[in-house]
Amino acid sequence: MNSKESMYSWHLSLRVDRPVEGCTIRPHSYMYGKKLDERDKSSSSHHSKICHEPPPNHEFSYRWFRGPTVEPCAYEGCPRRTSFSPHDWSKHALGGSGCSLQCVSTQSSLYKSTFCNASCFVKGWKTQYTIQSDVPQARSSTPNRRRAGSYADDDDARSVGSTNSARSGMSSYNPPGTPREISVDGPNTPRNIGGDPSQGYGGGGGSNEYGAQSHEWVEISRAELYIPHADDVGRKLKLEAAAYSVESGELLMHRVVKTDLVLSRTPDPEKRNLVTAKSAAGGGARFRIVTYNILAEIYATQQQYPYADLWSLSWDFRFQNIIREIVDVGPDIVCLQEVQADHYESHLYNAMHEAGFEGVYKQKTRQSMGMTGKVDGCALFWRRTKFHLIESYSIEFNELAQRQVTTVMGLNPRSEEGASILNKLSKDNVAQLVVLELAQQSMASRTNRDPINQVCIANTHLYSNKDCPDVKLWQTLHLLQELETFVMARGTNLPLMICGDFNSTPESAVYDLLSRQAVHPGHPDVNTGEENGPNVLPDVMSITHSHMLGSVYSSVLGEEPKFTNYTQQFKGVLDYMWYSTQNLRSLSAAPIPDESVLTRHGDALPSTQYSSDHIMQISDMQIVGGGAR
């Protein structure tokens, strides 16, 4: 080999999240090359191979297999022997361990028995007894630990590029849609059990009784994505991925991974009862409204929520829980925050439309985070049989900041002062504004001579930085001013609700402004000091508005909840539903679940039960006024 000749190490990475019934599994696969220096040219690591050129353009083909039934835990008292609920298989339920253990003592009656966690191993060990064995004693009786979701060595050793595989042995692997057929040597080669595997399951395979297990792997799909079914629950899945040259069709690399056991569908969310307020007689139409920060995928990371399982943070898992939770409460209006742009298009709009809703979306002003659609925003939905859309507008606080600097303050945005203020206020936050009209309008009556048939709904998500209360106050003030102008232009009797994540506690100036129409001059949020950057607020006596607003939860329950956001780092109220008290009445509100309920299946939120770090707020509202007496 010419020592000066360039050499490359090819690598194929393949990973899948833990499969859950009804939740789409997406392979995380990519192939890449590294240019080698002299000391690396003679070595080849597992799952890589040395080539004279970098990897060409390539495409992937996939095959999914369902494994045989297995005993999930050898301890007979383990609840996971009969339950595959995500609640029972979270690391919270497993005691913080993501590892299973296997007994390796050849003289134990539990030899090669597998336990789901250390606690079950300890309990099971109390039942073991010594047996005579001709098998040489293992060096250690310490149980083997296996990371949940890891792949089996015998399968992955057959991947092209590994030290135990030959490229020629895989040259006929079949990508779906081409005439090539798979030919993988090895004792556990999956078999195709007839029919078109892309159309569903390839047949039986495996018994439901642990004592009569089948060792067959049955091909179930050749699509890239796979949605586990009830037949998959309690079994492992295997994914075979092959990378082919786009130009020549030549097989470049191949890899096989196994998942952990498929979990069952997450149990339905617990019903949340509503507390009813003392209601006066009369009034007009009623509607149910919810507000919910659903936690965008771009923020749902293991670093941010280390107490949550990685698979429970995946969007495909959380989406199923979130959409069921929303639809289950039967809302007429839905205000959502942290809705990722690509997920609104691919998941949320379609699901809500099928449930009978229409909606609008506004993403934050900033550009996507690296990839198209990877930016969050606000979404607002209404039930089609209840309301018709009359008007829809959006508010960009960056645009309001630009107007503030140039028109109100008369500054050049490129000047040092103008640029400093713009930089402080331009945080990309947005708000939505819609006017909805009742599909079945209220008619005039003796108690309601001039019924109101429209309602204005605002949905927003304010800046999150706790060190910038003045920016949040500025955003709230300008939102209220925009709403003032909007409502006044359409008559003074248009009911108004302002919902969302205000990232402000009840002690904040934002809360004071919304609830009291003013802020006390001594409030620390309006006296932040020069170290917090340029002053962006007007004189405190000018921080006011004309809306008469009430907080739904405070009005119905007598006080705000203890929290609407519940994580290990923060527990407090950030979300609110405000309403115009002169023409709307809050009839009921669903109390936030107690901490004992929130922590039943996790140390904090999100968890397998609650798929956001916020808790949805629910209320029944009634239109009043318009001549009511």
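Residues numbered from 1 in each chain as written. Predicted model: local features only at pLDDT ≥ 70, side-chain atom pairs only at ≥ 80, totals over all residues. Heavy atoms only, no water.

K.L.:
Residue-level account of the overall build of the protein, with values.
P.N.:
When helices and strands are counted, the protein shows 12 helices and 25 strands. Counting over 629 residues, the protein shows a buried share of 52%. Put simply, 76% of the contacts in the protein that link residues at least 6 apart link residues at least 24 apart. (Helix = DSSP H or I, 4+ residues; strand = E, 2+ residues; numbered from the N terminus. Buried < 20%, exposed > 50% of the residue type's maximum accessible area, 1.4 Å probe, protein only. Contact = heavy atoms within 4.5 Å.)

K.L.:
So what's going on with helix α9 (residues 469–488)? Residues and values would help.
P.N.:
Compared with an ideal rise of 1.5 Å per residue, which puts 20 residues at 28 Å, α9 spans 28 Å between its outermost C-alpha atoms and is within 8% of the ideal. With 15 of 20 residues buried, α9 lies mostly within the body of the structure. (Expected span 1.5 Å × (residues − 1).)

K.L.:
Before we move on, could you go through unusual backbone geometry and cite the residues and values that matter?
P.N.:
With omega at 0°, the peptide bond leading from Leu605 into Pro606 counts as cis. As for its position among the elements, Pro606 is in the loop between α12 (595–598) and β25 (617–623). In this structure, Leu295 takes a positive phi of about 65° despite not being glycine. As for its placement among the helices and strands, Leu295 is situated in the loop between β12 (286–293) and α4 (310–313).

K.L.:
Give a detailed account of the packing of helix α7 (residues 397–408) against α9, specifying residues and quantitative values.
P.N.:
Close contact between α7 and α9 brings their axes to 11 Å; oriented N to C, the two are set at 90°. Classified by the interaxial angle, the pair formed by α7 and α9 is roughly perpendicular. Across the interface between the two elements, Phe397, Leu400, Ala401, Arg403 and Gln404 from α7 touch Trp474, Gln475, His478, Leu479 and Glu482 from α9. When the residues that make up the contact of α7 with α9 are grouped by side-chain class, the tally is five nonpolar, three polar and two charged. (Axes fitted to C-alpha atoms, helices over the stretch in contact; angles between N-to-C directions. Parallel < 35°, antiparallel > 145°, perpendicular 65-115°, else oblique. Nonpolar A, V, L, I, M, F, W, Y, C, P; charged D, E, K, R; others polar.)

K.L.:
An account of the sheet that holds strand β24 (residues 584–589) is requested, with residue identities and associated values reported.
P.N.:
Taking strand neighbours across the sheet as the criterion, the seven strands line up as β11-β24-β25-β12-β13-β15-β14 in an open arrangement whose pairing is mixed. The open sheet has two edge strands, β11 (275–276) and β14 (357–363), and neither has a second partner. Bridging between β24 and β25 involves five bridges; their strand directions are antiparallel. Bridged to Ser588 within β25 is Asp620. Of the strands in this sheet, β13 (333–340), β14 and β15 (376–383) touch helix α6 (residues 341–354), which is tilted by about 165° from β14. (Pairing = 2+ DSSP bridges.)

K.L.:
Which residues make up the nonpolar core, and what values do they have?
P.N.:
Within the largest apolar cluster, 64 residues are counted, with the highest numbers of intra-cluster contacts made by Phe287, Ile289, Leu336, Leu348, Ile457 and Met497. Residues within four places of Met497 in sequence aside, it is in contact with Phe287, Ile289, Cys456, Ile457, Ala458, Val552, Met577, Trp578, Tyr579, Leu584 and Met621. Residues Phe397, Leu422, Val487 and Tyr576 belong to the second largest nonpolar core, which totals 42 residues. (Core = buried A, V, L, I, M, F, W, Y, C linked by side-chain atoms within 4.5 Å.)

K.L.:
Before we move on, could you go through the packing of α9 against helix α10 (residues 509–516) and cite the residues and values that matter?
P.N.:
Between α9 and α10, the shortest axis-to-axis distance is 9 Å and the interhelical angle comes to 20°. Relative to α10, α9 is oriented roughly parallel. Handedness of the crossing formed by α9 with α10: right-handed. Between α9 and α10, the residues in contact are Lys472, Leu473, Thr476, Leu477 and Leu480 and Ala509, Val510, Leu513 and Leu514, respectively. Looking at side-chain class alone, the contact of α9 with α10 contains seven nonpolar, one polar and one charged residues. (Left-handed = near helix turned anticlockwise from the far one by under 90°.)

K.L.:
Lay out the pairing of strand β4 (residues 58–69) with the relevant residues and their values.
P.N.:
For β4, the buried fraction is high: nine of the 12 residues fall into the buried class. Two strands pair when backbone bridges link them, and β4 and strand β9 (residues 235–245) are joined in this way by 10 bridges, in the antiparallel orientation. By the bridge assignment, Arg66 is partnered in β9 with Leu237. One ladder, built from three bridges, connects β4 with strand β8 (residues 218–221); its direction is antiparallel. Bridging from a neighbouring strand, Phe65 pairs with Glu219 of β8.

K.L.:
Kindly report on the environment of Asn273, identifying the contributing residues and their values.
P.N.:
Inspection of the secondary structure puts Asn273 in the loop between β10 (251–258) and β11. Considered as a pair, Asn273 and Val329 are 56 residues apart in the sequence and their alpha carbons are 9.7 Å apart. Aside from chain neighbours lying at most four places away, what touches Asn273 is Ala589, Ala590 and Pro591.

K.L.:
Go over the environment of Thr567, please, and point to the residues and values.
P.N.:
Note that Thr567 resides in the loop between β21 (565–566) and β22 (571–572). Taking relative accessible area as the criterion, Thr567 reaches 5% and is therefore assigned buried. Put simply, Thr567 and Ala604 are 37 residues apart on the chain and 5.0 Å apart in space, counted from C-alpha to C-alpha. Excluding anything up to four places from it in sequence, Thr567 contacts Tyr305, Tyr307, Ala604, Leu605 and Asp613. Only 3.3 Å separates the side chain of Thr567 from the backbone nitrogen of Gln569, close enough to count as a polar contact. (Polar contact = N/O pair within 3.5 Å; in protein donor to acceptor, adjacent residues only side chain to side chain.)

K.L.:
Go over the state of the cysteines with me, naming the residues and quoting the values.
P.N.:
Within the structure shown, the criterion is met by zero disulfides. Free of any disulfide, Cys120 has its nearest cysteine sulfur in Cys78, 3.7 Å distant. Considering cysteine sulfurs only, Cys335 is the nearest to Cys499, which forms no disulfide, with 4.3 Å between them. Given a relative accessible area of 0%, Cys499 falls into the buried group. (Disulfide = S-S within 2.5 Å.)

K.L.:
Could you give an account of the pattern of salt bridges, naming the residues involved and the relevant values?
P.N.:
Summed over the entire model, instances satisfying the criterion amount to 23 salt bridges. Ionic pairing is found between Arg516 and Asp512, a salt bridge with its closest N-O pair at 3.8 Å. Of this pair, Arg516 and Asp512 both sit in helix α10, four residues apart, roughly one helical turn. Under the relative-accessibility criterion, Asp512 is labelled buried at 15%. If you follow the salt bridges from partner to partner, you end up with Arg63, Glu219 and Arg222 in one network. (Salt bridge = Lys/Arg side-chain N within 4 Å of Asp/Glu carboxyl O.)

In short, shape yes, function no, at least from these values alone.
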